[in-house]
Amino acid sequence: MIDKRISTALEAVKDIPDGAHLAVGGFGLCGIPEHLIAALAQTGAKGLTCYSNNAGVDDFGLGILLRNHQIHKMVSSYVGENAEFARQFLSGELEVELVPQGTLAERMRAGGAGIPAFFTPTGAGTKVAEGKEIRRFNGRECVLEAGIFADFALVKAWKADRLGNLVFRKTARNFNPMAATCGKVCIAEVEEIVEVGELDPDAIHTPGIFVHRLVLGTAYEKRIEKVVTRISPSEG
């Protein structure tokens, strides 16, 4: 039986070349493949295009790659917690494509399903639609959006078996399942690897056929993206 386990995160990402397109799972700092990102920082691969909900924070997640100037372009939905991201964008060092959150998830899912493009009403009549084909369906303007076909997918799962079947936990089941399917090579880091047959088939979120490499992660850092100490009167 196929064993997809790789000994280290560095070994798993060492063949990611300059200029690669990466689909990266996670939502804020939850469910991000932090060990794979840290290993990629060590390789020095540059000119990367990253498809991810956000760019982490200044010193964690994809923010590490931004700090190292390894990312050429970010295709994201939310970028509000990263000061280095803002600095690079405003100075012209970083190319940015902002995508509505649901559209980004669907673009990843479409790529994984082999769908080259789809129409959505989201963004019609806004800057999101500029330069894109517009068609009308059931009386509504819809924007043509391209599926995402990445060279590599970097994802974080809770459990896996050695065949690569993945189970995500709670909020980490956000962009990770979609990101996993749209990369030509999917690399998953997981908190626990179990024997084949130990996972309930009905609980598997990403079948092993989509996953090529598995890395066992250890010593995960529980970061909070934005600490709230009190509720302001306007919010209460």
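Residues numbered from 1 in each chain as written. Predicted model: local features only at pLDDT ≥ 70, side-chain atom pairs only at ≥ 80, totals over all residues. Heavy atoms only, no water.

- The name recorded for the protein chain in an unreviewed UniProt entry is Succinyl-CoA--3-ketoacid-CoA transferase, from Geothrix edaphica.
- As stated in UniProt under Sequence similarities (unreviewed entry), the record for the protein chain gives "Belongs to the 3-oxoacid CoA-transferase subunit A family." (UniProt positions renumbered as here; feature names shortened; annotations may be inferred.)

## So, the sheet that holds strand β5 (residues 117–120)
Item 1. An order of β5-β7-β6 is seen for the 3 strands of this open sheet, with the pairing classed as antiparallel. Lying at the two open borders of the sheet, with one neighbouring strand each, are β5 and β6 (134–137). In this sheet, adjacent strand axes meet at a mean angle of 40° when their direction is disregarded.
Item 2. Taken together, the 4 bridges between β5 and strand β7 (residues 140–146) define a ladder with antiparallel strand orientation. Note on β7: the bridge partner recorded for T120 is V143.
Item 3. Sheet strands in contact with helix α5 (residues 101–112) are β5 and β7, and its direction is about 150° off that of β5. (Pairing = 2+ DSSP bridges. Helix = DSSP H or I, 4+ residues; strand = E, 2+ residues; numbered from the N terminus. Axes fitted to C-alpha atoms, helices over the stretch in contact; angles between N-to-C directions. Contact = heavy atoms within 4.5 Å.)

## Notes on helix α2 (residues 34–43)
Item 1. All of the buried residues in α2 are E34, L36, I37, A39, L40 and A41.
Item 2. Positive backbone phi, at 80°, marks G44, one or two positions downstream of α2. (Buried < 20%, exposed > 50% of the residue type's maximum accessible area, 1.4 Å probe, protein only.)

## Quick word on the pattern of salt bridges
Item 1. Enumeration over the complete set of coordinates arrives at 15 salt bridges.
Item 2. When the shortest N-O distance is used, the salt bridge between D3 and R5 registers 2.5 Å.
Item 3. Looking at R5, the relative accessible area reads 42%, which means it is partly exposed.
Item 4. Each of K73, E95, E97 and R107 takes part in one network of salt bridges that share partners. (Salt bridge = Lys/Arg side-chain N within 4 Å of Asp/Glu carboxyl O.)

## What about the state of the cysteines?
Item 1. With the rule as written, the count across this model stands at 0 disulfides.
Item 2. Not part of a disulfide, C50 finds its nearest cysteine sulfur in C182, a span of 12 Å.
Item 3. The buried category is assigned to C50, whose relative accessible area is 0%. (Disulfide = S-S within 2.5 Å.)

## Things to note about the nonpolar core
Item 1. Among the nonpolar cores identified, the biggest contains 29 residues, and I16, L22, L48 and I187 are the most heavily contacted of them.
Item 2. If you tally residues by element for this core, the top one is α2, at 5 residues.
Item 3. Once residues lying within four places of it in the same chain are set aside, the contact partners of I187 are A12, V13, I16, L36, F152, A153, L154, V155 and R213. (Core = buried A, V, L, I, M, F, W, Y, C linked by side-chain atoms within 4.5 Å.)

## Details of the pairing of strand β1 (residues 21–24)
Item 1. Sheet analysis places β1 next to strand β2 (residues 48–51), joined by 3 bridges and oriented parallel. Bridge assignment links A23 to a residue of β2, and that residue is Y51.
Item 2. Handedness of the crossover is the feature at issue here: the chain leaves β1, passes through α2, returns alongside β2, and the resulting connection is right-handed. (Right-handed = clockwise from strand over helix to strand, strands pointing away.)

## Considerations on the side chain of Q88
Item 1. Relative to the assigned elements, Q88 resides in helix α4 (residues 83–90).
Item 2. Given a relative accessible area of 1%, Q88 falls into the buried group.
Item 3. Apart from the residues lying within four places of it in its own chain, the contact partners of Q88 are L66, R67, H69, E93 and L94.

## A word on the environment of S77
Item 1. With respect to the helices and strands, the residue S77 is situated in the loop between β3 (71–76) and α4.
Item 2. Separated by 135 residues in the primary sequence, S77 and H212 have C-alpha atoms spaced 27 Å apart.
Item 3. Discounting residues that sit within four places of it in the chain, S77 has contacts with S52, N53, L98, V99, P100, Q101 and L104.
Item 4. There is a polar contact of 2.9 Å between the side chain of S77 and the backbone oxygen of V99. (Polar contact = N/O pair within 3.5 Å; in protein donor to acceptor, adjacent residues only side chain to side chain.)

## Looking at α4
Item 1. For α4, every residue scored as buried is listed here: E84, F85 and Q88. Along the axis of α4, the buried positions cluster into a sector of 105°, meaning they face one direction only. Facing away from the buried side of α4 by over 90 degrees, the exposed positions are A83 and L90.
Item 2. Packing partners of the buried residues in α4 comprise α3 (62–67), β3 and β4 (95–98).
Item 3. The opening residue of α4, the one whose side-chain oxygen lies 3.1 Å from the backbone nitrogen of E84, is N82. (Arc of directions from axis to C-beta.)

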